[in-house]
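Listed below are the residues making up each chain.
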Amino acid sequence: MTGAVPTVALVGNPNAGKSSLFNALTGARQKIGNYPGVTVERKAGHAVFADGRPLALIDLPGSYSLTPASPDEAVTRDVVLGRQAGEARPDALIVVVDAANLDNHLCFALELIALGLPTVVALNMLDLAERDGLVLDPERLAAELGVPVVPTVAVRKRGMAELLAAVEEAMRSQPAGAAAAPAADDIALHRCARTIARAATLSETPVRRWTARVDAVALHPVFGFVILLALMFVMFQAVYAWAGPPADMLEAGVGAMQAWVVANIPETFLRDLVVEGLLAGVGAVVVFLPQILILFLFILLLEASGYMTRAAFLMDGLMAKVGLSGRGFIPLLSSFACAVPGIMATRAIPDAKDRLTTILIAPLMTCSARLPVYALIIAAFIPDRGVGGTGIGLQGLVLFALYLAGIVGALAVAFVLRRTLAKGSAAGFMMEMPRYQMPRWRDVAIGLWQRAWIFLRRAGTIIAITTVILWLLLSFPKAPAGESQVDYSVAGRIAGGLEVVVTPIGFNHDIALALIPAMAAREVAVSAMATANAIDAGDDEEAMAETLGERLQGKWSLATALAFLAWFVFAPQCISTIAITRRETNGWKWPLFMVGYLFLLAYAAAGITYWTAVAFGLG
Amino acid sequence: MIGSLDSAPLGAAVRIARIDWPAMSPDEGRRLREFGLMEGALVTPLHRGSLFSRDPLALAVGRMRVIIRAAQAAVIAVEAVDAAGGAEPKPA
């Protein structure tokens, strides 16, 4: 190692506790990006050796072997072999193995050790292995493997200093050699792994009973399903119930900032841009940060606890009926937060047609960007009361129904696609079920922070830019006295043209205006309406004081509001989703198909909702 | 006694006698082996399906729990574990 900061890669099986170890080594100092050319997430961070020298750490996707079964695993192989474009070969490897699962995890470890890079094995989750009645001999394991073995408990940060010291020592004493020939075939490798695991095991009592007891209920054919549905329901109720106070505070904060700017900056073009464009637009979206964080909190907890795989197990039967697999449940559930990571997560699906179908329906899962739109309209038009004295809120129930509509729509679309455009053999489904684990607040907090940051960065970039452009389009040309500025502006005229198309489904001028910028990001629909209404209100202080919801209440019929919600269930997705679909499917064919079918569905759903509502006298 | 894993009763350990590898794709086969499913291994079927179907099947293989589809289990022939057992400890 000469001068340059050495790079150490963390590599191991899925469920080896690699991410916790990565978090424990790097803290929150992480950088999430992509490997160039592929959309596999690249997690990098920094740590320091005992003497203060820095090292770069990268967390490679979990893999079972150097023979990849998915694009994720291909990246792992290519990085450790030094074949990944734009990524230097790591200077050393930390191979993470689950102490309680040596039989299996040592297979991959043996393959990695044979590569000849300086290597240290982290014998991770040793506490859980001990809880399971397993007594291991790390020294014996090190002797068998021929590389240092460091016992670690990542979640308690135990063994971190020793691990780094071992890495430093390994880099000094084990020069990177030529790759040794890996074992002839995987069966031989497995035997070898099993022999070593036996040798390193001092005593063993039968498998974890606790997980078995929970699974007896959680995977019960009927109760398991009831529990899953209940969890989902609680999740969506919580999104509403808990987000209120912090959202109100954020809203008050934005209002205070607007008031401060109005009071302290002379009235100029720039002040209007800031108050009506930036603050009204970005503020309207940032207010939804609490709800998005609550949703992500649930998803992170479900993943960290090990429940997510059980959910996949329970859903597999249902998903198999429409030609998908339980594997698809995790990307689809992630799509509730955002379709972009959801579509990226489909790389874990080995079957190409299964994967394509999952990608195409991912945008039908109600992503968090739609939440601001739903939240605004529901708060304005659905009364805040219980349903039949049950303590279940009507607003939460409507939100749940909207989510459900997206899911049912997605299953129907998948059913059709798997019999037409994405026809193929029945998808397989093979997955490891991790044991249950108490989620660590630290890992969850880091995950939440990363999501919050991504959301705020979007608000500060894409959303800020589109709202400013929209504000400019709305503000020029200046309307002559007596005419509405919004109607007279460039944006107003474009919306006027679009209105012809959307009037039949009950959409008004406000909505037509919001639809175009919503393509950039769905939540811009809210900021667009906020900006237009702020301009509309002009210097009318009473109108300014009204919230956006109150203003819409006065202008929209209930039928229009419901049609607008129905539109957004199927809403043509944002630019980022189209871009990620193009990248993941290697071409324009599928993203264009996706946009087309979603537009049609959205138009039909909004139309049917509107006409039905009008027929019931809600127009 | 030989039957397929697909129809083995839940909760009792069985030994894998034979796997019809050509009946599945090479990738599927490799993933099964990565899960420790190979001839001679002891497996315990734990949970089968949900409200909607008999698929999938959750198994205990050593200290690992894995999920496979009934279609794969159908080509895995298993035999009862004799009282003498093997060298391997019995999963609970």
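Higher on the page you've got the structure.
Description of the structure in this document. Every value quoted in this text rests on a predicted model; they were computed, and no experiment measured them.

As a further point, take the overall build of chain B. Helix and strand content of chain B: two helices and six strands. Moving toward the C terminus, one meets the helices and strands of chain B in the order β-β-α-β-β-β-α-β. Across the 92 residues that make up chain B, the buried fraction comes to 52%. Sequence separation of 24 or more characterises 64% of the internal contacts of chain B that already satisfy a separation of 6 or more. When the accessible surface of chain B is summed, it comes to about 3700 Å², and 58% of that surface belongs to carbon and sulfur atoms.

Secondary structure summary: chain A contains 28 helices and 10 strands in total. Over its C-alpha atoms chain A spans a radius of gyration of 27 Å, differing by no more than 12% from the 25 Å that the globule rule assigns to 619 residues. Considering only C-alpha atoms, chain A reaches an extent of 85 × 55 × 45 Å along its principal axes. When each of the 619 residues of chain A is scored for burial, the buried share is 57%. Of all intrachain contacts in chain A linking residues separated by at least 6 positions in sequence, the fraction that spans at least 24 positions is 73%. Total accessible area on chain A stands at roughly 24800 Å², and carbon and sulfur atoms take up 66% of it. Placing the 47 positive and 49 negative side-chain charges of chain A at their respective mean positions leaves the two points 7 Å apart.

Before going further, it helps to spend a moment on the sheet that holds strand β2 (residues 14-19) of chain B. On the basis of which strands lie adjacent, the open sheet formed by seven strands has the order β10(A)-β5(B)-β4(B)-β3(B)-β2(B)-β6(B)-β1(B) and antiparallel pairing. Each of the sheet's edge strands pairs with one partner strand only, and the pair in question is β10 (431-433) of chain A together with β1 (2-4) of chain B. For this sheet, the mean angle separating the axes of adjacent strands, direction not counted, is 45 degrees. Strand direction decides the pairing type here: β2(B) and strand β6 (residues 76-80) of chain B, joined by five bridges, are antiparallel. By the bridge assignment for β6(B), Val14(B) is matched with Ala80(B). Against the sheet, helix α13 (residues 307-321) of chain A engages β10 of chain A together with β3 (42-50), β4 (53-61) and β5 (64-68) of chain B, with an angle of about 150 degrees to β4(B).

Taken residue by residue, the interface counts 49 residues in chain A and 33 residues in chain B. Contact between chain A and chain B buries roughly 3800 Å² in total, counting both sides, with carbon and sulfur atoms accounting for 58%. One can count three salt bridges joining chain A with chain B. Linking Asp215(A) and Arg65(B) is a salt bridge whose minimum nitrogen-to-oxygen distance equals 3.9 Å. Counting residues per element, the ones that place at least two in the side of chain A that touches chain B are α7 (186-200), α8 (209-218), α13 and β10 of chain A.

Another aspect to go through is the nonpolar core. What tends to happen in soluble globular proteins is that the nonpolar side chains get buried as a cluster. All names here are of chain A. Membership of the largest hydrophobic core comes to 125 residues, with the highest contact counts inside it found for Ile377, Phe507, Trp556, Phe564, Trp567 and Phe568. Ignoring sequence-local partners within four residues, the contact set of Trp556 consists of Ile377, Phe381, Asn508, Asp510, Ile511, Met529, Ala561 and Phe564. Judged by nonpolar contacts, the second largest core, of 41 residues, contains Leu60, Leu102, Leu117 and Val121.

Attention shifts here to the packing of helix α5 (residues 138-145) of chain A against α7(A). All names here are of chain A. Two elements in contact, α5 and α7, have axes separated by 8 Å at closest approach and are oriented at 150 degrees. Taken together, the axis directions place α5 and α7 in an arrangement best described as roughly antiparallel. For the pair α5 and α7, the crossing hand works out as right-handed. Judged by residue contacts, Arg140, Leu141, Glu144 and Leu145 of α5 engage Ile196, Ala199 and Ala200 from α7. When the residues that make up the contact of α5 with α7 are grouped by side-chain class, the tally is five nonpolar, no polar and two charged.

Scanning all chains against the criterion turns up 12 aromatic pairs over all chains. When the ring of Tyr64(A) is compared with that of Phe35(B), the centres are 5.4 Å apart and the planes differ by 75 degrees; the resulting orientation is edge-to-face. Within this pair, whereas Tyr64(A) is found in the loop between β4 (54-59) and α2 (71-80), its partner Phe35(B) is found in the loop between α1 (26-34) and β3, the two belonging to separate chains. What makes Tyr64(A) buried here is its relative accessible area of 6%. Ring pairs connect the aromatic residues Phe381(A), Phe507(A), Trp556(A), Phe564(A), Trp567(A), Phe568(A) and Phe599(A), which therefore count as one cluster. One cation-aromatic arrangement involves Arg33(B) over Trp21(B); the distance from NZ or CZ to the ring centre is 4.7 Å.

With that out of the way, let us pick up the environment of Met235(A). All names here are of chain A. Tracing the chain through its elements places Met235 in helix α9 (residues 223-241). With relative accessibility at 0%, the residue Met235 sits in the buried group. The spatial distance from the C-alpha of Met235 to the C-alpha of Phe400 is 9.6 Å, given a sequence separation of 165 residues. Sequence-distant contacts of Met235, that is, excluding residues within four places in its chain, are made with Leu295, Phe298 and Ile299.

Here we take up the side chain of Asn101(A). Among the secondary structure elements, Asn101(A) is positioned in the loop between β5 (92-98) and α3 (102-113). What makes Asn101(A) buried here is its relative accessible area of 5%. Non-local contacts of Asn101(A), meaning those with residues more than four positions away in its chain, are made with Glu432(A) and Met64(B).

About the cut-offs
- Residues numbered from 1 in each chain as written.
- Chains lettered and ligands numbered in written order.
- Predicted model: local features only at pLDDT ≥ 70, side-chain atom pairs only at ≥ 80, totals over all residues.
- Heavy atoms only, no water.
- Helix = DSSP H or I, 4+ residues; strand = E, 2+ residues; numbered from the N terminus.
- Buried < 20%, exposed > 50% of the residue type's maximum accessible area, 1.4 Å probe, protein only.
- Contact = heavy atoms within 4.5 Å.
- Areas by Shrake-Rupley, 256 points an atom, 1.4 Å probe, with all protein chains shown as cover.
- Rg over C-alpha atoms; globule rule 2.2 N^0.38 Å.
- Lys, Arg positive; Asp, Glu negative; His and termini not counted.
- Charge placed at Lys NZ, Arg CZ, Asp CG, Glu CD.
- Pairing = 2+ DSSP bridges.
- Axes fitted to C-alpha atoms, helices over the stretch in contact; angles between N-to-C directions.
- Buried area = accessible area lost by both parts, 1.4 Å probe.
- Salt bridge = Lys/Arg side-chain N within 4 Å of Asp/Glu carboxyl O.
- Core = buried A, V, L, I, M, F, W, Y, C linked by side-chain atoms within 4.5 Å.
- Parallel < 35°, antiparallel > 145°, perpendicular 65-115°, else oblique.
- Left-handed = near helix turned anticlockwise from the far one by under 90°.
- Nonpolar A, V, L, I, M, F, W, Y, C, P; charged D, E, K, R; others polar.
- Phe/Tyr/Trp six-rings, centres within 6.5 Å; stacked < 30°, edge-to-face > 60°.
- Lys NZ or Arg CZ within 6 Å of the ring centre and 35° of its normal.

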